[in-house]
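Close look at the chain arrangement
Residue-level listing of the chains:
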Amino acid sequence: MAMQRILVTGGAGFIGCNFVHFIMEHTGLHVTVLDKLTYAGSLESLSGLPSSRFDFQKGDICDAGIVDPLTSSVDAVVHFAAESHNDNSLADPRPFIDTNLAGTFTLIEAARKHGTRFHHISTDEVYGDLALDEPRKFTEDSVYRPTSPYSATKAGSDMLVRAWVRSFGLQATISNCSNNYGPYQHVEKFIPRQITNILDGVRPRLYGQGLNVRDWIHVEDHSSAVLTILERGQVGETYLIGADGERSNREVVEMLLTLNGQQPDAYDLVKDRPGHDLRYAIDSTKLRTELGWTPRFSDFASGLAETVQWYRANEDWWRPQKAVTESKYAGQGH
Ligand code: NAD
Ligand code: DAU
């Protein structure tokens, strides 16, 4: 029977809410969002969705009493909910253990009990980092080498899903995606932090020398890849998602400054992140050739310009988080 109803965990966060909007626009699926509404979740990111096809449940993915009935009432679970920010994981790892490990465990137990299809959202950070000059990129066969509390818990959650597939026949797929950018991203993250700093007349802040490289993908392309895997992915398989968007942090800040009519060197270098991964790069050949996926945003510069416009137009959405986020960073020397 065709899929009709899905549960999206973490649907009030950055990628989750973009995925929900994408599903509303491109499919006829009914979506239930389960989200704890931590500092990173916002109901405003989901406003205006049709009540005939969407409902929201506030709750913790660690709570089996909430997770179990929701999982039994849908055809598939798409699991985005996580503590997602590396700097926070260095300041206080505990919530990462709870949500990313115990939360994923709670969900896959419910999914195996009810035979529910499960898609686990993960990150390229589980593979550790690459040297700046090596030609190699991450593939589905790369060795797991997480380096931060965040990436270690995401790696652990991937391992749980893999074990549940093999030991219990869980109907699961996994995707590991590179760094996302686009609308509704929390101002703690690199690109929104620098955009909103510039809009506030504050100089952007680069960790270390700004040489670290991230492989940027527009969040809408992440959504289309996840829908592709949900519809056509092979149970038990892992797919890497990336759009060939490697840029150093310094290049990104220079682009943001230029887009905002400022000198490209009007930034400050600040204290580096402990254990800071040098470079991520994704080889998404498997997803492209086996499932026929292609990204729509092939031009990072225009995707970035659209994102700057979104933050200019949506100050009401980000302003309430800005001061508290910056005071946290000030306490960390960033
Ligand atoms: P986010 O921090 O913006 O959102 C996380 C959401 O999960 C929030 O709405 C939060 O309220 C919710 N949540 C947190 N703990 C919860 C709990 N215990 N129960 C229920 N809900 C809870 O994160 P994001 O950047 O949108 O990332 C989403 C997923 O994608 C994560 O699994 C992350 O590891 C993965 N990912 C992110 C990126 C990226 O660039 N941001 C890249 C690859 C993979
Ligand atoms: O690779 C995927 C991962 O990308 C996801 O799994 C994570 O959830 C997501 O947060 C992101 O992790 P990063 O640590 O790469 O993202 P962040 O936005 O925190 O930082 C991006 C880069 O920018 C990183 O090299 C650190 C640097 N940085 C960050 C901030 C906030 C700065 O130079 N200055 C800053 O102010």
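Residues numbered from 1 in each chain as written. Chains lettered and ligands numbered in written order. Predicted model: local features only at pLDDT ≥ 70, side-chain atom pairs only at ≥ 80, totals over all residues. Heavy atoms only, no water.

**Section: the site of ligand 2**
The environment of ligand 2 is formed by 24 residues, the closest being Asp124, Tyr150, Asn179, Arg273 and His276. Interatomic distance of 2.8 Å between a backbone N/O atom of Tyr207 and an oxygen atom of ligand 2. Protein coverage of the free-state accessible area of ligand 2, which is 690 Å², stands at 94%. If you list the elements that add at least two residues to the shell around ligand 2, you get α6 (190-199) and β8 (205-207). Of the residues belonging to the shell around ligand 2, the class tally is six nonpolar, ten polar and eight charged. (Near = heavy atom within 4 Å. Polar contact = N/O pair within 3.5 Å; in protein donor to acceptor, adjacent residues only side chain to side chain. Areas by Shrake-Rupley, 256 points an atom, 1.4 Å probe, with all protein chains shown as cover. Helix = DSSP H or I, 4+ residues; strand = E, 2+ residues; numbered from the N terminus. Nonpolar A, V, L, I, M, F, W, Y, C, P; charged D, E, K, R; others polar.)

**Some remarks on the packing of aromatic side chains**
Within the structure shown, the criterion is met by twelve aromatic pairs. With a centroid separation of 5.1 Å and 80° between ring planes, the pair formed by Tyr181 and Phe300 is classed as edge-to-face. You can see Tyr181 sitting in strand β7 (residues 180-181) and its partner Phe300 sitting in helix α10 (residues 300-313), a full 119 residues away along the chain. The exposure class assigned to Tyr181 is buried, which follows from its relative accessible area of 1%. Ring-pair connections join several aromatic residues into one group, and the members of that group are Tyr184, Trp310, Tyr311 and Trp317. The lysine or arginine in question, Lys286, covers the ring of Tyr239, its NZ or CZ lying 4.8 Å from the ring centre. Positioned over the ring face of Tyr39 is Lys328, at 4.7 Å from the centre of the ring. (Phe/Tyr/Trp six-rings, centres within 6.5 Å; stacked < 30°, edge-to-face > 60°. Buried < 20%, exposed > 50% of the residue type's maximum accessible area, 1.4 Å probe, protein only. Lys NZ or Arg CZ within 6 Å of the ring centre and 35° of its normal.)

**Regarding the packing of helix α2 (residues 64-72) against helix α4 (residues 94-114)**
At a minimum axis separation of 9 Å, α2 and α4 run at an interaxial angle of 40°. Judged on the interaxial angle alone, α4 and α2 are oblique. In this structure, the crossing between α2 and α4 has a hand that is right-handed. Only Thr106, Leu107, Ala110, Ala111, Lys113 and His114 of α4 make contact with α2, whose side of the interface consists of Ala64, Val67, Asp68, Thr71 and Ser72. A per-class count over the contact of α2 with α4 returns five nonpolar, four polar and two charged. (Axes fitted to C-alpha atoms, helices over the stretch in contact; angles between N-to-C directions. Parallel < 35°, antiparallel > 145°, perpendicular 65-115°, else oblique. Left-handed = near helix turned anticlockwise from the far one by under 90°. Contact = heavy atoms within 4.5 Å.)

**Considering the site of ligand 1**
Surveying the vicinity of ligand 1 reveals 28 residues, the closest of which are Ile15, Asp35, Ser84, Tyr150 and Lys154. At 2.9 Å from an oxygen atom of ligand 1 is found a main-chain nitrogen or oxygen belonging to Phe80. Elements supplying a minimum of two residues to the shell around ligand 1: α1 (14-26), β5 (117-123) and α5 (149-168). The greatest single-element share of the shell around ligand 1, amounting to three residues, is contributed by β5. For the shell around ligand 1, a count of residues per class yields twelve nonpolar, twelve polar and four charged.

All we've got here are geometric facts, nothing functional implied.
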